[in-house]
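Take a look at the letters that make up each chain.
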Amino acid sequence: MAKFNLASSIPNAIGNNKFINSIATKLGFISDDKAYIKHFDSYIGPNIYHRHLDDYFVCCTFCCHLKKSNCHSYCFKCGKNTYEECGVLLPGTFSFTGNHTNDQESDQPPWIFRTPCTGFERLSEKKYFKNFNSYIQSITVANYEAMEGIFTGISRGKSPCHICASVNIEIYNHCLSPDRNADNKYCNEIIEQISAKYRAIAGMIKYVE
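Student: Looking at this model, I keep getting lost on the overall build of the chain. Mind explaining?
Tutor: Helix and strand content of the chain: six helices and two strands. Each helix (α) and strand (β) of the chain, taken in turn from the N terminus, gives the series α-α-β-β-α-α-α-α. Every one of the 209 residues in the chain was classed for burial, and the buried ones make up 44%. For the chain, restricting intrachain contacts to residue pairs at least 6 apart in sequence, the fraction spanning at least 24 positions comes to 63%. As displayed, the chain offers around 11400 Å² of accessible surface, 51% of which is attributable to carbon and sulfur atoms.

Take a look at the structure:
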């Protein structure tokens, strides 16, 4: 059976809908961000979910025991108390605030790069990305783009350099070269580079090939 390539199939689907979305946007029916959220919810997200099922992938961000923390509006905590420290979901920005991770609590790795415990229980498909949704549309988009970049190596058709740069500018500078087209090249190094920064277990998160 041929192996499904999530990374290569997503941009094709985006391209198929590009004309319709552009017309709708010009006519004022739907914004670019809303079109992206709709596309993520209907295609990118479900494919990531089913890929995780196929690979038996576990991650704290998709555990039903991870809850919003009362300490900060952008923090989450472990309901199983495996980790006492609260923290953010993704690298780069504090979810629900837009603050940079260097502002505070940057010594704690994001939940997506923490080692899951034996108490992991996967969220259902309909609720799989609930922790990444915000009443502020731009934050939801940023979270979705980060997940697309981390799990597929591309974000909105571009190499997700902004994620590495937000974690550590040295990672970005190390990878950047004059002959690299960062706009349309898949990055299969993002997981390795960011995992090393957060001292996460190698291979805990993997790029979909």
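From this point on, the discussion continues.
Student: Would you mind showing me how to read the packing of aromatic side chains here?
Tutor: Aromatic ring pairs: the centre-centre distance and the angle between the two ring planes describe each pair. The full count for this structure, using the stated rule, is 13 aromatic pairs. For the ring pair Phe62 and Phe129, a centre distance of 5.8 Å and an interplane angle of 85° mean the geometry is edge-to-face. Taken together, the residues span a long stretch of sequence, with Phe62 in the loop between α2 (32-54) and β1 (66-68) and Phe129 in the loop between β2 (76-78) and α3 (137-152) at a distance of 67 residues. Taking relative accessible area as the criterion, Phe129 reaches 9% and is therefore assigned buried. Ring geometry for Phe62 against Phe151: centres 6.3 Å apart, planes inclined by 45°, an arrangement best described as tilted. Here Phe62 is found in the loop between α2 and β1, whereas its partner Phe151 is found in helix α3, with 89 residues between them in sequence. Residues Phe62 and Phe151 agree in their burial class; the two are buried. Positioned above the aromatic ring of Phe76 is the side chain of Lys68, whose terminal nitrogen or guanidinium carbon lies 5.7 Å from the ring centre. Here the guanidinium or amino end of Arg156 rests over the ring plane of Tyr36, the centre of that ring lying 4.4 Å away.

Student: Quick question: what am I supposed to make of the state of the cysteines here?
Tutor: Disulfide: a covalent bond connecting the sulfur atoms of a pair of cysteines. One pass over the full model with this rule turns up zero disulfides. Left without a disulfide partner, Cys59 is nearest to the cysteine sulfur of Cys60, which lies 6.2 Å away.

Student: Sorry, what's going on with the nonpolar core here?
Tutor: Among soluble globular proteins, nonpolar side chains are generally buried collectively. Phe62, Phe129 and Met147 are the most contacted members of the largest nonpolar core, which totals 38 residues. Elements represented by at least two residues in this core include exactly α2, β2, α3, α4 (161-167) and α6 (190-198). When sequence neighbours within four positions are dropped, the list of residues in contact with Phe62 reads His52, Phe57, Phe120, Glu121, Arg122, Leu123, Tyr128, Phe129, Phe132, Met147 and Phe151.

Student: What am I meant to see in empty space enclosed by the protein here?
Tutor: Rolled over the atoms, a probe as big as a water molecule pinpoints where empty space is left. Enumeration over the complete set of coordinates arrives at two cavities of 30 Å³ or more. Computed from the structure, the largest cavity encloses a volume of approximately 110 Å³. For the largest cavity, the lining is made up of 14 residues, of which Cys60, Cys63, His65, Cys78 and Cys117 are closest to its centre. For the lining of the largest cavity, the residue count by class is nine nonpolar, four polar and one charged.

What counts and how
- Residues numbered from 1 in each chain as written.
- Predicted model: local features only at pLDDT ≥ 70, side-chain atom pairs only at ≥ 80, totals over all residues.
- Heavy atoms only, no water.
- Helix = DSSP H or I, 4+ residues; strand = E, 2+ residues; numbered from the N terminus.
- Buried < 20%, exposed > 50% of the residue type's maximum accessible area, 1.4 Å probe, protein only.
- Contact = heavy atoms within 4.5 Å.
- Areas by Shrake-Rupley, 256 points an atom, 1.4 Å probe, with all protein chains shown as cover.
- Phe/Tyr/Trp six-rings, centres within 6.5 Å; stacked < 30°, edge-to-face > 60°.
- Lys NZ or Arg CZ within 6 Å of the ring centre and 35° of its normal.
- Disulfide = S-S within 2.5 Å.
- Core = buried A, V, L, I, M, F, W, Y, C linked by side-chain atoms within 4.5 Å.
- 1 Å grid on protein atoms, 1.4 Å probe; cavity = no way out; pocket = protein on both sides within 12 Å on 5 of 7 lines; lining within 4 Å.
- Points joined across faces, edges and corners; volume = space filled by probe spheres on them.
- Nonpolar A, V, L, I, M, F, W, Y, C, P; charged D, E, K, R; others polar.

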